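Summary of structural features
If you want the building blocks of each chain, they are given just below.
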Amino acid sequence: MAFKTTKNFILGAIVAAASVTGIAYAAGGGVESDYKMEHPDWSFNGPFGKYDMVAAQRGYKVYREVCASCHSLKYVAFRHLGDKGAPFYLADFENPNDNPYVKNFAADWTIEDIDNETGDVIERPGITADYFPPIFPNDAAARASNGGAIPPDLSSMVKARNNGADYVYNLMLAYGSPIPKGVEITPGLHWNPVMDGGKIAMAAPLSEGLVDYDPVEINDHGELKTIAAPEATVEQMSHDLVQFLAWSADPKMEQRKSVGLMTLIYLIILSLLLFLSYKRVWRNVKH
Amino acid sequence: MSENQPEDGSKRDFIFLATGAVTAAGAAAVGWPLVAQMGKAADTLAAGSIEIDLSKVAEGQQLKMLWRGKPVFVRHRTPKEIAEAESVDMADLKDPETDDARLVAGPNGAVDPKYLVMVGVCTHFGCVPVGEQGDYDGWYCPCHGSHYDTSGRIRKGPAPTNMVIPPYSFVNETVIKVG
Amino acid sequence: MSGPSTYEPKYAAAKWMDQRLPIIRMGADFMTFPSPRNLNYWYTFGGILALCLVVQILSGVILAMHYVADVDLAFASVQRIRRDVPFGWLLQSMHAVGASMFFLAVYMHMFRGLYYGSYKAPREMIWILGCAIYLVMMATAFLGYTLPWGQMSFWGATVITGFFGAVPIVGESLQQWLLGGYAVDNATLNRFFALHYLLPFVIAALVGLHVWALHHVGQNNPIGISEKTESDTLSFHPFYTVKDAFAIAVFLVIFAVFLFYLPDALGHADNYIEADAMKTPAHIVPEWYFLPFYAILRAVPSKLFGILLMLGAIVVLFVLPWLDTHKVRSMRFRPVARWFFILFIVMCFILGWCGAGVPDDIAIPLGKDAGITFYRLGQAATVYYFAYFLVILPILGLVETPKKRPDSITKAVLGENHSTAGLAPAE
């Protein structure tokens, strides 16, 4: 871990103290393997970290085109994508339901509904208020289509694993690492040393060039800029996906950190004033 | 009047005692429904039985089904596992039970050692043990480290008894009904 | 040390009220309560804890307005609070982190009481009420942890209610009566929610009694010598209101760092996965504040005995006033007991460490592939925990020679040759 600021260092020390008491565990483990976990310096780490929104936008495309064939995102609504602090936020559209990106993404999904007049089950294009739809109608169907394993929902995945961002990133990269001696992989399972126990039902989901990245347009202080599409390597796609899933797990992070900064400044001033008051009240009192 | 006092006193004592007893009985009668409501409700008690088709479980595989809020394991044991389960010396067991005693006879009157059906809940504090793990090739409970053998019997760790065999019977050659 | 009331109503309305319901007098007496002049920062945790209780009740009542106690909806409703309810992310984190902060403060408060002998006569009732508050706090925390209906919620509830299953003969019936079914399910979640809402008010009532008892006998202080003259004391306000307020502000800084920058550091990742009755998480451990007791539970390889031992670890606190028979309260003047006390704190941390570890893993390596396992270390620390209360303190009560103590708080503060003249507050 590299500490950019003293504050990062202090936070790091607290986290380290927490892990000494066993509160946090390292991800993976349980199996002997040569795989070395990579710990990228995520843009959202640290007290001032923010999501890399350009990467998160590409990450949405990875989710939509790859992950979404099995994994749901059921606690996220389309409108969330256009919220402040979300990948597709536009300053001109404070109400995310008017955001053109969000509208387009929603319409790209098929939502099951009931016809108001006939009562029949119908399918319609999504609207901004809809949540990301379930991929399978129920758990049994999910199990049946995936060799007995239910693909977990990804809404909070980055929070649902220890060091979740590193976990998801490394899980994508660790496919194909050599199977240690003595480990038997039964049909329907795959070797992945990052997974707890090393055996995972999901086949390697990403391969070089799988997603056709588009250039991303951003508004940089009123100036429209185009960011060219990077090469869709497995590392790049994994990185972008983690940015997107980190946001979906903690969509209020940027608000949390900025409110936190204000609160801390306020509390430190208050503490100082109270300390001076204390000194004044007690100045002639021996104790 | 003074000679009447002892009688008065005892009468009063009796009245007080009776009043106290009747009040206590009333309080108990009110208290009982307040306590009993916590028990299993009628719909919970009615939680039905489940049918499981054993033939769908391949050798070396385990099926998990939810029954009364708890998982039921159906394990199709390998010959090696059966041999291990049958060869155990009863003296080594914390909760002695033969493997046969943990199986239910099929329609032909004989037990089939291939299929082990049990409530997949650790008898320690109710966690779900993980299959094909632990020191005895059976199940291992991740919560407090209890080891079970291939018959689901406790061999090591804090659990007091073997994993429970649910009440079940054969509907036909391959289908069982649990509950 | 509750002397005669010095309150005199100034206005006609206040006088009218005072004759009918002397509630203003009560408040005024509270604010002018004579407190020992030598209270240090360890004595500020009472005020900090009062704030913690208010924070938890306030944020909890608000969360209850958005939370749904139903196995199919509970997890989603918490997600909705975090994602959609205005400032829901703040209030939900505040409540979850607040629970940890509450326990952090309560442990400081208890260690302070243990060190300065605050449980000794005439303060036994303050101590016992405090233990009762701690017990209800633990129950409330456990019940509340079940509500988000994550994996740790579910399996924590399963393990803890499993304790009741260990009672001989009636165990299983008792456990199922508590659960309202065969396993942790909707009935369990609903009653846990109802009780989780109720118990904080029980805590508030017990706190009322705790403070009442405190004001009846007066506060202990770092030298453990009772107040004798007026010069030994200061009015609660402004001297201790300002000191407590400063301590609270510093405490809030720590609270805010966790709340805003490390909201998940004290929780478990598994609780972001919805409860699944079919699969137990690989590492199931309670919240950090229960870890020492969890280690004691696992210190013996027997289900019933483990539970009894864990209960005993709490029960022993209740009877402590009669186990430590030494006449001197403060360990400042007990050179031997002080070392055993420091070792006791170390052991509490070791127990917490063992509670978090996997029992068969090596805790202290001694050479290659060998060493002391968490299981053995936990056993050793458990032995010390009980020995401290049941053997060390009773024996020291008989044999320990205390250091020379000052005659009074005033003399401790000003030295032996003081004159009371310079002591009056100058305001």
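Residues numbered from 1 in each chain as written. Chains lettered and ligands numbered in written order. Predicted model: local features only at pLDDT ≥ 70, side-chain atom pairs only at ≥ 80, totals over all residues.

**With respect to the UniProt feature "transmembrane region" (unreviewed entry) in chain B**
In the UniProt entry, the feature "transmembrane region" (unreviewed entry) is given for residues 14-35 of chain B. Along residues 14-35 of chain B one finds 100% helix and 0% strand; the C-alpha atoms at either end are 31 Å apart. (UniProt positions renumbered as here; feature names shortened; annotations may be inferred. Helix = DSSP H or I, 4+ residues; strand = E, 2+ residues; numbered from the N terminus.)

**Quick notes on the packing of helix α5 (residues 164-173) of chain A against helix α6 (residues 234-249) of chain A**
Residues and elements named next belong to chain A. With their axes 9 Å apart at the nearest point, α5 and α6 run at an angle of 150 degrees to one another. As the angle between them shows, α5 and α6 are arranged roughly antiparallel. Between α5 and α6 lies a crossing whose hand is right-handed. Residue-level contacts link Gly-164, Ala-165, Val-168, Tyr-169, Met-172 and Leu-173 of α5 to Val-234, Glu-235, Ser-238, His-239, Leu-241, Val-242, Leu-245, Ala-246 and Ala-249 of α6. When the residues that make up the contact of α5 with α6 are grouped by side-chain class, the tally is 11 nonpolar, 3 polar and 1 charged. (Axes fitted to C-alpha atoms, helices over the stretch in contact; angles between N-to-C directions. Parallel < 35°, antiparallel > 145°, perpendicular 65-115°, else oblique. Left-handed = near helix turned anticlockwise from the far one by under 90°. Contact = placed C-beta atoms within 7 Å. Nonpolar A, V, L, I, M, F, W, Y, C, P; charged D, E, K, R; others polar.)

**Focus on the domain arrangement of chain B**
Entries for chain B in the domain assignment read domain 1 (1-39) and domain 2 (44-178). On a C-alpha basis, the centroid separation for the pair domain 1 of chain B and domain 2 of chain B is 54 Å. (Domains from an automatic or database assignment.)

**A few points about the interface of chain B and chain C**
Across the contact, 22 residues belong to chain B and 26 residues belong to chain C. Every element with two or more residues in the side of chain B that touches chain C is listed here: β2 (62-67) and β3 (70-76) of chain B.

**Describing the pairing of strand β6 (residues 223-227) of chain A**
All names here are of chain A. Among the 5 residues that make up β6, 0 are buried, leaving the element largely open to the surroundings. In this structure, strand β5 (residues 216-220) lies alongside β6, joined through 5 bridges in antiparallel fashion. The residue bridging Ile-218 from the neighbouring strand is Lys-225, located in β6. (Buried ≥ 20, exposed ≤ 12 C-beta atoms within 10 Å, placed from the backbone. Pairing = 2+ DSSP bridges.)

**A short note on helix α3 (residues 45-64) of chain C**
Within an α-helix, residues lying three or four positions from one another point in the same direction, as the helix has 3.6 residues per turn. Residues and elements named next belong to chain C. Look at α3: 28 Å from first C-alpha to last across 20 residues, which is about the 28 Å you get at 1.5 Å a residue. Among the residues of α3, Phe-45, Ile-48, Leu-49, Leu-51, Cys-52, Gln-56, Gly-60 and Leu-63 are the ones counted as buried. For α3, the arc enclosing every buried residue in end-on projection is 160 degrees, short of the 170-degree limit, so these residues lie on one face. Facing away from the buried side of α3 by more than 90 degrees, the exposed set consists of Val-54 and Val-61. (Expected span 1.5 Å × (residues − 1). Arc of directions from axis to C-beta.)

**Concerning the arrangement of the chains**
Inter-chain contacts occur across 2 pairs of chains; the most extensive set of contacts lies between chains A and C. Taking C-alpha atoms only, the smallest gap left between chain A and chain B, which are not in contact, amounts to 10 Å.

**Quick look at the interface of chain C and chain A**
Frequently, the measure chosen for interface size is the accessible area that the parts lose on association. Each partner contributes to the interface: chain C provides 39 residues, whereas chain A provides 41 residues. Counting only elements with at least two residues in the side of chain C that touches chain A, the list comes to α4 (74-83), α10 (236-261), α14 (335-356) and α16 (409-414) of chain C. Sorting elements by how many residues they give to the side of chain C that touches chain A places α10(C) first, with 13 residues. Its residues placed into classes, the side of chain C that touches chain A shows 30 nonpolar, 5 polar and 4 charged.

**Points about unusual backbone geometry**
Look at the link from Ala121(C) to Pro122(C): it is a cis peptide, with omega at 5 degrees. Across the junction of His237(C) and Pro238(C), the peptide omega takes the value 5 degrees, indicating a cis bond. Along the chain, Pro238(C) falls in helix α10. Notably, Arg68(B) is not glycine yet its phi reads approximately 55 degrees, a positive angle. When you line up the elements, Arg68(B) lands in the loop between β2 and β3. At Ile169(C), a residue that is not glycine, the phi angle is positive and equals roughly 65 degrees. Within the element layout of this structure, Ile169(C) appears in the loop between α7 (151-164) and α8 (171-179). Overall, the presence of 7 C-beta atoms within 10 Å leaves Ile169(C) in the exposed class.

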